[in-house]
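Observations on chain architecture
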Amino acid sequence: MPLPSLLGVFAHPDDEALVAGGVLAAHADSGARTAVVTTTWAPDSHRAAELADATAALGAGKPRMLGYADHRIPQSAPGRPRLCDAPLDEVIEELVRHIRQFRPEIVVTHDAYGQLTGHPDHRHTHRVTTLAFTAAGLEDLYPDAGEPWQPAALYTATHPHSALDDLGPLLAGVDKSVLSVPDEMIAATVDVRPWLDRKWRAILAHRSEVAKERPLPALLSRLPGTTRNRIIGTEYFSRLHSEKSAGGLTQLAV
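Residues numbered from 1 in each chain as written. Predicted model: local features only at pLDDT ≥ 70, side-chain atom pairs only at ≥ 80, totals over all residues. Heavy atoms only, no water.

Some remarks on the overall build of the chain
A tally of helices and strands in the chain yields nine helices and seven strands. Taking 18 Å as the expected radius of gyration for a compact globule of 254 residues, we find that the chain reaches 17 Å, a close match to that expectation. Structurally, the chain occupies a C-alpha span of about 50 × 45 × 30 Å along its principal axes. Each of the 254 residues in the chain was classed as buried or not, and the buried ones make up 56%. Looking at the chain alone, contacts between residues at least 24 apart form 76% of all its contacts between residues at least 6 apart. For the chain, the accessible area works out to roughly 10,700 Å², and carbon and sulfur atoms hold 53% of it. For the chain, the distance from the average position of its 25 positive side-chain charges to the average position of its 31 negative side-chain charges is 4 Å. (Helix = DSSP H or I, 4+ residues; strand = E, 2+ residues; numbered from the N terminus. Rg over C-alpha atoms; globule rule 2.2 N^0.38 Å. Buried < 20%, exposed > 50% of the residue type's maximum accessible area, 1.4 Å probe, protein only. Contact = heavy atoms within 4.5 Å. Areas by Shrake-Rupley, 256 points an atom, 1.4 Å probe, with all protein chains shown as cover. Lys, Arg positive; Asp, Glu negative; His and termini not counted. Charge placed at Lys NZ, Arg CZ, Asp CG, Glu CD.)

This is the structure:
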């Protein structure tokens, strides 16, 4: 039986591979429909081309890009506002349209911290996704964005305090923040080692990030394989909303 259909909503090209690449590949391999919405970078940018290669490796179809500018790289979407500066209703309506078109059973996004490093685009993507998750099911909100659809569960990709032995020092070594949550907040711990090759291919597809010094794809590429696999071989999620406490349409691959 296929796992539930899954829509990931993430801030930048490479986030989909880094924080949920294994889960996306697992759901796709089971026969489930999977897709990714990326809130920043223009659809005609070099990073959009890299994202297309990554989503293909994960079985997540063609990229769906909102096309706002990266908070720190305004040239990422010439002529468009930064995601954090765009009108809130405008961004929510765009996400509602994607949710109603794709009709996922599960939505996955960043946690409230904005992942380990607290990037402003990650935090804002969390905010707008949680609002769009509810709005998508309400017929009198954004009526021009399609027929209402209420996903069954909303998960946020995160990291527990206990899972930072390798990753924490790696990020701290390049002066990045390390933000994690108490272990009891984790609702799903997913062993993605069966899909590790595909996840790593998706990460490496973001070639411009691998070529730099400080982005996580670059840091991972310089590690011994055994250390890297420990870091990317497990994915962690909190559950913010679910129609059922466990199982059924609300369960991520575990």
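A look at the nonpolar core
In terms of nonpolar packing, the biggest core is built from 42 residues, with Val-108, Tyr-155, Leu-220, Phe-237 and Leu-252 touching the most fellow members. The greatest single-element share of this core, amounting to eight residues, is contributed by helix α1 (residues 15–29). Listed in part, the 23 residues of the second largest apolar core include Val-9, Leu-66, Val-107 and Ala-132. (Core = buried A, V, L, I, M, F, W, Y, C linked by side-chain atoms within 4.5 Å.)

Some remarks on the pairing of strand β7 (residues 234–242)
Looking at chain direction, strand β5 (residues 153–158) and β7 are connected through six bridges and run antiparallel. Across the sheet, the residue bridging to Thr-156 is Ser-238, located in β7. Strand direction decides the pairing type here: strand β6 (residues 188–191) and β7, joined by four bridges, are antiparallel. Across the sheet, residue Ala-188 finds its bridge partner in β7, namely Phe-237. (Pairing = 2+ DSSP bridges.)

Comments concerning the sheet that holds strand β4 (residues 106–110)
On the basis of which strands lie adjacent, the open sheet formed by seven strands has the order β3-β2-β1-β4-β5-β7-β6 and mixed pairing. Both outer strands of the open sheet, β3 (64–68) and β6, are each paired with one neighbouring strand and no more. Going from strand to strand, the sheet's axes swing by 25° on average, the running direction of each strand aside. (Axes fitted to C-alpha atoms, helices over the stretch in contact; angles between N-to-C directions.)

As for the pattern of salt bridges
Per the stated rule, a full pass over the model turns up ten salt bridges. The salt bridge partner of Arg-230 is Asp-166, with a shortest N-O separation of 2.9 Å. You can see Arg-230 sitting in helix α9 (residues 225–232) and its partner Asp-166 sitting in the loop between β5 and α5 (167–172), a full 64 residues away along the chain. Using a relative accessible area of 27% as the deciding quantity, one classes Asp-166 as partly exposed. A salt bridge links Asp-191 to Arg-193; its shortest N-O distance comes to 2.7 Å. Since its relative accessible area comes to 35%, Asp-191 is described here as partly exposed. Taking the relative accessible area as the measure of exposure, Arg-193 reaches 57% and is therefore exposed. (Salt bridge = Lys/Arg side-chain N within 4 Å of Asp/Glu carboxyl O.)

A look at the confidence of the model for the chain
With 96% of its residues at a pLDDT of 70 or more, the chain has an overall mean of 95. In the model, residues 245–249 has pLDDT below 50 throughout and makes eight contacts with residues more than four positions away in sequence or in other chains. (pLDDT = per-residue confidence, 0-100.)

A short note on the environment of Glu-213
Tracing the sequence through the fold places Glu-213 in the loop between α7 (207–210) and α8 (216–221). The class of Glu-213 is exposed, set by a relative accessible area of 58%. Considering only alpha carbons, one finds Glu-213 and Val-174, 39 residues apart in sequence, at a separation of 8.8 Å.

Section: the side chain of Thr-125
By the secondary structure assignment, Thr-125 is in helix α4 (residues 120–135). A distance of 3.0 Å separates a polar atom in the side chain of Thr-125 from a polar atom in the side chain of Thr-39. There is a polar contact of 2.8 Å between the side chain of Thr-125 and the backbone oxygen of Asp-121. Sequence-distant contacts of Thr-125, that is, excluding residues within four places in its chain, are made with Val-9, Phe-10, Ala-11, Thr-39, Leu-83, Thr-109 and His-110. (Polar contact = N/O pair within 3.5 Å; in protein donor to acceptor, adjacent residues only side chain to side chain.)

Description of the packing of aromatic side chains
How two aromatic rings sit relative to each other is given by the distance of their centres and the angle of their planes. Applying the stated criterion to the full structure yields zero aromatic pairs. A cation over an aromatic ring shows up here: Arg-47 above the ring of Trp-41, its NZ or CZ 5.1 Å from the ring centre. The positively charged end of Arg-228 is found above the aromatic ring belonging to Trp-200, 4.2 Å away from the centroid. (Phe/Tyr/Trp six-rings, centres within 6.5 Å; stacked < 30°, edge-to-face > 60°. Lys NZ or Arg CZ within 6 Å of the ring centre and 35° of its normal.)

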